[in-house]
Amino acid sequence: MSPRPDSRADSRPVSRPEKPWLFRTYSGHSSARASNALYRSNLAKGQTGLSVAFDLPTQTGYDSDHPLARGEVGKVGVPICHIDDMQTLFDAIPLEQMNTSMTINATAAWLLALYVATAERQGGSARKLRGTTQNDIIKEYLSRGTFGFPPEASMRLTSEIVSYTVANVPDWNPINVCSYHLQEAGATPVQEIAFSMANAISLLDSLRASGDLRASGDLRASGDLRASGDLRDADLAKVFGRISFFLNAGIRFVEEMCKCRAMTALWEEIGRTRYGITDEKMLRLRYGVQVNSLGLTEAQPENNIVRIALEALGVTLSQRARARSLQLPAWNEALGLPRPWDQQLSLRTQQILAYETDLLEYDDLFDGSHVVERRTRELMDAARAELENVLAMGGAVAAVENAYMKQKLVESHTARIRAIESGALTVVGVNAYRETVESPLVQAGTSSILKVDESAERAQIESLRAFRSRRNAAEVATAIRQLEDAIRAGQNIMPPSIAAAKAGVTTGEWTEVLRRVFGEYRAPTGVAASSAAAASPADSQVRERVDALSQRLGRRLKILVGKPGLDGHSNGAEQIAVKARDAGMEVVYDGIRLTPEEIVQSARDEGVHVVGLSILSGSHGVLVVDVVERMKAAGLGAIPVVVGGIIPPEDARALERAGVRRVYTPKDFDLARIMGEIVDVVAEANRAA
């Protein structure tokens, strides 16, 4: 389906420039107080919406003093354990006047409950709140890994948030169907469109199955998306109209623009033919964007400034494909957490694009373009076919549980990595044009990124314990009991959660109730049994060395790939696992969210020759050292440990002093070289050169 023709396709200047999109920066760190100061500073600089980053314990439902939270508190976002934290986070920021996006999924109901309770403490009304909870739990099983409960229970929670907000917080976007992280996990444009649409359909079908909405329908062989049955049209349209999307925009900005146009047309088609919606306003694809972080490079990081600006064009140049909100990463995010100045540069990039150029003065520049229409149609047709494939196997939840979507993402990501390794995909400064002078932006070393003070974790824990000591224990116990009773009775999660927030229940206590009711879940890893590409000469050479060393060892060289802590970004670990397997190693990879104790136990039980740890959350200084020390204490000190992640040079040297044998960072794109060095490390450790 082509974009609809526009009678104003000659791109004449409009009488009045369009209002620009919402300007956001994704931020939060250390503590609620420190993050509040950052938000107020960014708003003063012209940011028009907030985008809150929560730390990993908050995202996965643990209080800051839980053993699994060790080393993770405040590292990649702000810790929020209770209502006082939330009130501090938004101090002097009237929530009725703010548009707030919260990147939260497994614990979305809880954080929204805290947000509503905080607004009411400010004297505001829930009905006047505007913003978004990401709340797309399906993509968490595929990419970010901050899920907490099994898919069926998670879909129930998502559905209940949608039902509650449509009725009680009418301007809130209760779910942000998030294809952003699918692209970060390797999705092609076709997969990004198809899988995100499948996620949205699963939510809508779950809602109508719950009894809140009534509809029936299926995907016909003709390829049309049809619906029939007893529809409560007004309710269904409201829900459809409040679903928003969160897209990724990569460096191929022409293709990204066509992707957005294809998604816009396909979403309208799904609304009309599958759900019978006719209200034009409700059929609009409403989406925000963060441009690609996957393509940001540690090598020559100043190049990222250009990449980010170009990626922003993909979702702003075309009026039909223009984002409603945009957040740009900082140029140095491949090095570590950005500083306020780095975030300011990203904000100024948006402001220059919106206010200094004439971009907003014209109708769509690409209507009538044969190139754009053809590529849009190609993407839409291919995405529709892939969507039919997912729905035929039972929908997105089934495609999570049978690992189909995860395997497809791992395969796509593997193909991308191999294209970079071979030079088929040029990345300036990484595999081409590597000659450089030292960048003045990074000459200062670790001062060129934000370092979270380790004392922030201790302060947060002390604050949490003080909060617990002064709250009313009887009120907390009553709120927890009523929450559990409501869940078991099938009632909506939101009203008892808001009551629990006001009573002083903590994030960990709320989540523990849900774990008791629903249980926990480990998602499939998606590391398939075979490779998607033929071996290169370098791969073959490494495999010969693995075979030779395995003969000397008396058994197959065995590697444990582990992800300690709460970091759910598993892309790097998966690629190492795939490459090690293809190099002929025996691979042990059990997925994300392992404790140091579990990793050491697995190393002992599996009899591995080397342990590879992957960690991107900044907690390497605590968790990696913990693994090394526990291995020594367990008599496994002779087994070498190698580490990969976003690790500044000073931290890498500290890890090596602690006993780590190799440290790899995003600049180390040549996986064949890494495999060869792992062979060297194992040979040296076993004195079998």
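Note that this is a predicted model, so its numbers are computed, not measured.

(A) Focus on the overall build of the protein chain. Scanning the protein chain from N- to C-terminus turns up 25 helices and 15 strands. Taking 689 residues into account, the globule formula puts the C-alpha radius of gyration at 26 Å, and the protein chain, at 25 Å, falls close to it. The buried share of the protein chain, taken over its 689 residues, is 58%. For the protein chain, restricting intrachain contacts to residue pairs at least 6 apart in sequence, the fraction spanning at least 24 positions comes to 79%.

(B) View of the environment of leucine 89. For leucine 89, the position within the fold is in helix H3 (residues 83-89). Sequence spacing of leucine 89 and alanine 262 is 173 residues, and the spatial spacing of their C-alpha atoms is 38 Å. In contact with leucine 89, other than residues within four places in its own chain, are Ala32, Ser35, Asn36, Tyr39, Val52, Val78 and Ile80.

(C) Just the side chain of threonine 511, in detail. Summarising the element assignment, threonine 511 is placed in helix H19 (residues 507-518). Here threonine 507 takes part through its backbone oxygen, which lies 2.8 Å from a polar atom of the side chain of threonine 511. Dropping the residues within four chain positions of it, threonine 511 is found in contact with Thr60, Gly61, Thr107 and Phe149.

(D) View of the pairing of strand S4 (residues 99-103). For S4, the buried fraction is high: 5 of the 5 residues fall into the buried class. Pairing of strand S3 (residues 50-53) with S4, which is carried by 4 bridges, proceeds in the parallel orientation. Opposite leucine 50, over in S4, you have threonine 100 as the bridge partner. Bridging between S4 and strand S5 (residues 130-133) involves 4 bridges; their strand directions are parallel. From the neighbouring strand, methionine 102 faces S5, where its bridge partner is threonine 133. At this point the chain moves from S4, through helix H4 (residues 108-121), to the parallel S5, and the crossover so formed is right-handed.

(E) Main features of the packing of aromatic side chains. Evaluation of the coordinates by the stated rule reveals 13 aromatic pairs. With a centroid separation of 5.9 Å and 75° between ring planes, the pair formed by tryptophan 21 and phenylalanine 23 is classed as edge-to-face. Accessibility assignment for this pair places tryptophan 21 and phenylalanine 23 in one class, buried. The interplanar angle of 50° and the centroid separation of 5.3 Å between the aromatic rings of tyrosine 115 and tryptophan 172 together place this pair among those described as tilted. Within this pair, whereas tyrosine 115 is found in helix H4, its partner tryptophan 172 is found in strand S6 (residues 172-173), the two being separated by 57 residues in sequence. We note that tyrosine 115, like tryptophan 172, is buried. Three or more aromatic residues joined by ring pairs form one cluster here, namely Phe240, Phe245, Trp267 and Tyr275.

(F) Fine view of the sheet that holds strand S14 (residues 641-645). Strand order in the open sheet made by the 5 strands is S12-S11-S13-S14-S15, with parallel pairing throughout. Both outer strands of the open sheet, strand S12 (586-589) and strand S15 (662-664), are each paired with one neighbouring strand and no more. Averaged over neighbouring strand pairs, the angle between their axes works out to 20° when direction is ignored. Pairing of strand S13 (residues 610-615) with S14, which is carried by 5 bridges, proceeds in the parallel orientation. What sits directly across from glycine 612, in S14, is valine 642.

(G) Geometry of the state of the cysteines. Under the counting rule described, the total for this entry stands at 0 disulfides. As a non-bridged cysteine, cysteine 260 has cysteine 258 as the owner of its nearest cysteine sulfur, 9.3 Å distant.

(H) Seen up close, a nonpolar patch on the surface. Where nonpolar side chains cluster on the molecular surface, the patch consists of Ile251, Ile305, Val306 and Leu310 and spans about 300 Å² of accessible area. Counting through the fold element by element, isoleucine 305 comes out in helix H11 (residues 303-313).

(I) Just unusual backbone geometry, in detail. One non-glycine residue, asparagine 135, lies in the positive phi region at around 60°. Of note, asparagine 135 is situated in the loop between S5 and helix H5 (137-144). Relative accessible area serves as the criterion here: at 1%, asparagine 135 is assigned to the buried category.

(J) Just the sheet that holds S5, in detail. Read from one edge to the other, the open sheet built from 5 strands follows the order S2-S3-S4-S5-S6, with strand pairing classed as parallel. Each edge of the open sheet carries a strand with a single partner, namely strand S2 (26-27) and S6. Along the sheet face, H4 touches S4, S5 and S6 and points at about 150° away from the line of S4.

(K) Main features of the pattern of salt bridges. Applying the stated criterion to the full structure yields 48 salt bridges. Notably, a salt bridge pairs aspartate 651 with lysine 451, separated by 3.0 Å at the nearest N-O pair. Taken as a pair, aspartate 651 in helix H24 (residues 649-658) and lysine 451 in the loop between helix H15 (404-422) and helix H16 (455-470) lie far apart in primary sequence, 200 residues in all. In this structure lysine 451 comes out as partly exposed when scored by relative accessible area, which is 43%.

(L) Highlighting H15. An ideal rise of 1.5 Å per residue puts 27 Å on 19 residues; H15 measures up with 27 Å between its terminal C-alpha atoms. Along H15, the residues that are buried comprise Tyr404, Met405, Lys406, Leu409, Val410, Ser412, His413, Thr414, Ile417, Arg418, Ala419 and Ile420. Backbone geometry just downstream of H15 places glycine 423 in the positive-phi region, at approximately 90°.

(M) Expanded view of the pairing of S13. With 6 of its 6 residues buried, S13 lies for the most part within the structure. Going residue by residue along S13, you find Val610, Gly612 and Ser614 tucked away on one face and Val611, Leu613 and Ile615 tucked away on the opposite face as well.

(N) Representation of the domain arrangement of the protein chain within the structure. Taken domain by domain, the protein chain holds domain 1 (22-401 + 439-448) and domain 2 (537-685). Just the C-alpha atoms count here: the centres of domain 1 and domain 2 sit 33 Å apart. With 26 residues of domain 1 in contact, the opposing surface of domain 2 contributes 23 residues. Counting the surface lost from both domain 1 and domain 2, the interface buries some 1,900 Å², and carbon and sulfur atoms represent 55% of this. For domain 1, the biggest contributors to the area lost against domain 2 are Leu68, Arg70 and Glu298; these three give 27% of the whole.

(O) How the structure looks around the packing of H5 against H15. Two elements in contact, H5 and H15, have axes whose closest approach is 9 Å; the angle formed by their N-to-C orientations is 40°. Considered as vectors, H5 and H15 are oriented oblique to each other. As H5 runs across H15, the sense of the crossing is right-handed. Residues Ile138, Tyr141, Leu142 and Ser143 of H5 form the contact with H15, whose participating residues are Met405, Lys406 and Leu409. Partitioned by chemical class, the residues of the contact of H5 with H15 number 5 nonpolar, 1 polar and 1 charged.

Quick notes on the rules
- Residues numbered from 1 in each chain as written.
- Predicted model: local features only at pLDDT ≥ 70, side-chain atom pairs only at ≥ 80, totals over all residues.
- Heavy atoms only, no water.
- Helix = DSSP H or I, 4+ residues; strand = E, 2+ residues; numbered from the N terminus.
- Rg over C-alpha atoms; globule rule 2.2 N^0.38 Å.
- Buried < 20%, exposed > 50% of the residue type's maximum accessible area, 1.4 Å probe, protein only.
- Contact = heavy atoms within 4.5 Å.
- Polar contact = N/O pair within 3.5 Å; in protein donor to acceptor, adjacent residues only side chain to side chain.
- Pairing = 2+ DSSP bridges.
- Right-handed = clockwise from strand over helix to strand, strands pointing away.
- Phe/Tyr/Trp six-rings, centres within 6.5 Å; stacked < 30°, edge-to-face > 60°.
- Axes fitted to C-alpha atoms, helices over the stretch in contact; angles between N-to-C directions.
- Disulfide = S-S within 2.5 Å.
- Patch = residues over 30% accessible without salt bridge, like charges linked within 9 Å, V, L, I, M, F, W, Y side chains within 5 Å.
- Areas by Shrake-Rupley, 256 points an atom, 1.4 Å probe, with all protein chains shown as cover.
- Salt bridge = Lys/Arg side-chain N within 4 Å of Asp/Glu carboxyl O.
- Expected span 1.5 Å × (residues − 1).
- Domains from an automatic or database assignment.
- Buried area = accessible area lost by both parts, 1.4 Å probe.
- Parallel < 35°, antiparallel > 145°, perpendicular 65-115°, else oblique.
- Left-handed = near helix turned anticlockwise from the far one by under 90°.
- Nonpolar A, V, L, I, M, F, W, Y, C, P; charged D, E, K, R; others polar.

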